[in-house]
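Inside the fold
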Amino acid sequence: MDTILKINQVTKKFGGIVAIDDLDMEIKKGQICGLIGPNGAGKTTIMNVITGVYQVDHGNIEFVGEDITGLPSHVICEKGIGRTFQNIRLLNSQTVFDNVRLGAHINMDISLLDVLLNTGKNKRVAADLRTEIEEVLDFIGLLSIKDELVRNIPYGQKKVLELGRVMMAKPKLLLLDEPAAGLNNEESKRLAELIRKINEEGISMLLIEHEMDFVEGLAGKTYVVNYGKKIAEGTFAEVTSDPVVISAYLGTRREEKHA
Amino acid sequence: MKTKITDLLKGKFIYLIFGVLAVLPIIGLPSYQFYMIERGMQNALVVLSLVILLGYTGQLSLGHAGLVAVGAYSYGIMCTILGLPPVVALIISPVLTAIVGVILGFPSFKLKGPFLVVITIAFGEIVRILVLNAVDITGGPYGMKGYPVLFSDTAMHYFMLILVFLATFGANRLSNSYIGLAFKAIREDEVAAELMGVNVRKFKLLSFVISAFLAGLSGVLFANLTGYLNPDSFASDTSAAYLLMVVIGGMTSPVGAVLSALLVTALPELLRFLQDWRMIIYGLILFIYVRFYQVINIESLKKLFKRR
């Protein structure tokens, strides 16, 4: 399998705090890669570094063999890395439909003049886009509420909508930041199903999640981080039986500490 | 079912406004009232420019009077000192203003909210003071006059009508396009916009450029309407008036912007009969309007026309 994303010795500091410490990571093409760790371990920071929200202090990031370190976020998105957010970041005053439409932004090849004159090209693109958006909405199961304002739809649907929006960008790599957080069992199951379907279309993923069942069911390789350091990697079963990981999550027994 | 007049206007509120404006010269209003309508249309262009910048993109500018001044004075200077034909000046002035708009747009990369507002106020003041002191070119405090105008009264009215109509349609199309959506994404969440692939800086600049172009065009029309330019016409209270108009118009509605520009421009004149009380009542009306904005706004008006 080819590597789609490679993180080489990346370090990110905020003042005196080392948020990511000399991290190496690799995601294979077509793989769902899990990323777990206790709160504040630096998981979201890793995503922010990959997507160019933060600049790294040391190291570099390669995406399909190309160095993307230091590129602006919108360029990284154009290259094919899409992401969802831990705290939903949708356009609340816009409709469900328009939120998905924003995802197609990078694939839009229309000039301002085309828009103002409403040229044939503009009409054609708009019509194609409409069908495409409706397909995506159908796929994520939100077609029936496409004209609702996002601020009026329930939390669970917002989570799914973020997934639909990023799908419109046709990414090669999808970074999912706690997609199942706050969802009930039923919703979470449906979301896992959706993620698996997206993955079957050949989209690689990096999945951050606290819900262990969720990660177990989806992730191939799993990385565990704590205090910005990678403490384990391997299959989900391997890492969860690793004593270092268990101690990071649950702490160590008093006797063991003193022993 | 009986067809009502409002049925014909379903979703076509915009045509009603422009229809009324189109028949005005035929009715033959007294010249002062007519002039106020013209000024309203000229203001409508600035308000549309603010709809794009503030309503869509969320960048608040209190320096738009400065941009209008750039458009007006460059028209005047091109016609007199450079001796260009008015039609050429009409085309170049808004383009020139758009370039100035780029400069005004740069601070928006790093500054948000009140900090950006302060910069735009400063911009407006810089333009006004430059105009005031460049006596050789602009006439400074004595003003500038004697430049040729494009059209006579009625022709000018229809010319402006066409421009405002086109600008309203353009703003509408922009709003529905992916460009408008990118603007709105910047307004609501810059980080999310950037991560969805929107080049935030590029689109902010684009918004400033389109906005400045319209403001510059409005400046040219101002120069044509008054036949006389004075720095006092472009003081910061004018920028505040534009802001008032865009807020009353509903911020994101181009039709609302036109309607609001016409009404708010005419209102102080309609209240002339109140004499000393005029400005107090004017303020009170605006105050009451903003208080009940949730109930009476352009959207509810449009719905009224759509429902029946």
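Scroll up to find the structure.
This text gives an overview of the structure that appears in the document. (Residues numbered from 1 in each chain as written. Chains lettered and ligands numbered in written order. Predicted model: local features only at pLDDT ≥ 70, side-chain atom pairs only at ≥ 80, totals over all residues. Heavy atoms only, no water.)

1. Some thoughts on the overall build of chain B
The helix and strand tally for chain B stands at 15 helices and 2 strands. Relative to a compact globule of 308 residues, whose C-alpha radius of gyration would be 19 Å, chain B shows 19 Å and is just as compact. In terms of overall dimensions, chain B has C-alpha extents of about 70 × 55 × 40 Å along its principal axes. Here chain B, with 308 residues, has 54% of them falling under the buried criterion. Nonlocal contacts in chain B, meaning residues at least 24 apart in sequence, comprise 77% of its contacts between residues at least 6 apart. Summed over its atoms, the accessible surface of chain B is roughly 14,100 Å², and 70% of this surface lies on carbon and sulfur atoms. (Helix = DSSP H or I, 4+ residues; strand = E, 2+ residues; numbered from the N terminus. Rg over C-alpha atoms; globule rule 2.2 N^0.38 Å. Buried < 20%, exposed > 50% of the residue type's maximum accessible area, 1.4 Å probe, protein only. Contact = heavy atoms within 4.5 Å. Areas by Shrake-Rupley, 256 points an atom, 1.4 Å probe, with all protein chains shown as cover.)

2. Notes on a nonpolar patch on the surface
All names here are of chain B. The grouping of V87, V88, I91, I92, V95, L96, I99 and F213 at the surface amounts to a nonpolar patch, some 640 Å² of accessible area in total. Broken down by element, the nonpolar patch gets its largest block of residues, 7 residues, from helix α5 (residues 86-105). Within the secondary structure, V87 sits in helix α5. (Patch = residues over 30% accessible without salt bridge, like charges linked within 9 Å, V, L, I, M, F, W, Y side chains within 5 Å. Salt bridge = Lys/Arg side-chain N within 4 Å of Asp/Glu carboxyl O.)

3. A short note on helix α5 (residues 120-140) of chain A
All names here are of chain A. Here α5 contains 21 residues, and its C-alpha end-to-end distance of 30 Å stays within 8% of the 30 Å for a straight helix at 1.5 Å per residue. Restricting attention to buried positions, one finds in α5 the residues N122, L129, I133, V136, L137 and I140. Looking down the long axis of α5, one finds its buried residues gathered within 95° of arc, a one-sided arrangement. Projecting away from the buried face of α5 at angles above 90 degrees are the exposed residues K123, R124, E135 and D138. G141 sits one or two positions beyond α5 and adopts a positive phi of about 80°. (Expected span 1.5 Å × (residues − 1). Arc of directions from axis to C-beta.)

4. Details of the pairing of strand β7 (residues 173-177) of chain A
Residues and elements named next belong to chain A. Most of β7 sits inside the fold, with 5 of its 5 residues counted as buried. Residues L173, L175 and D177 line one face of β7 and the alternating positions L174 and L176 line the opposite face, and both faces are buried. As paired strands, β7 and strand β8 (residues 204-208) are joined by 5 bridges and run parallel to one another. From the neighbouring strand, L174 faces β8, where its bridge partner is M205. (Pairing = 2+ DSSP bridges.)

Functional significance is not addressed by these values, which are geometric in nature.
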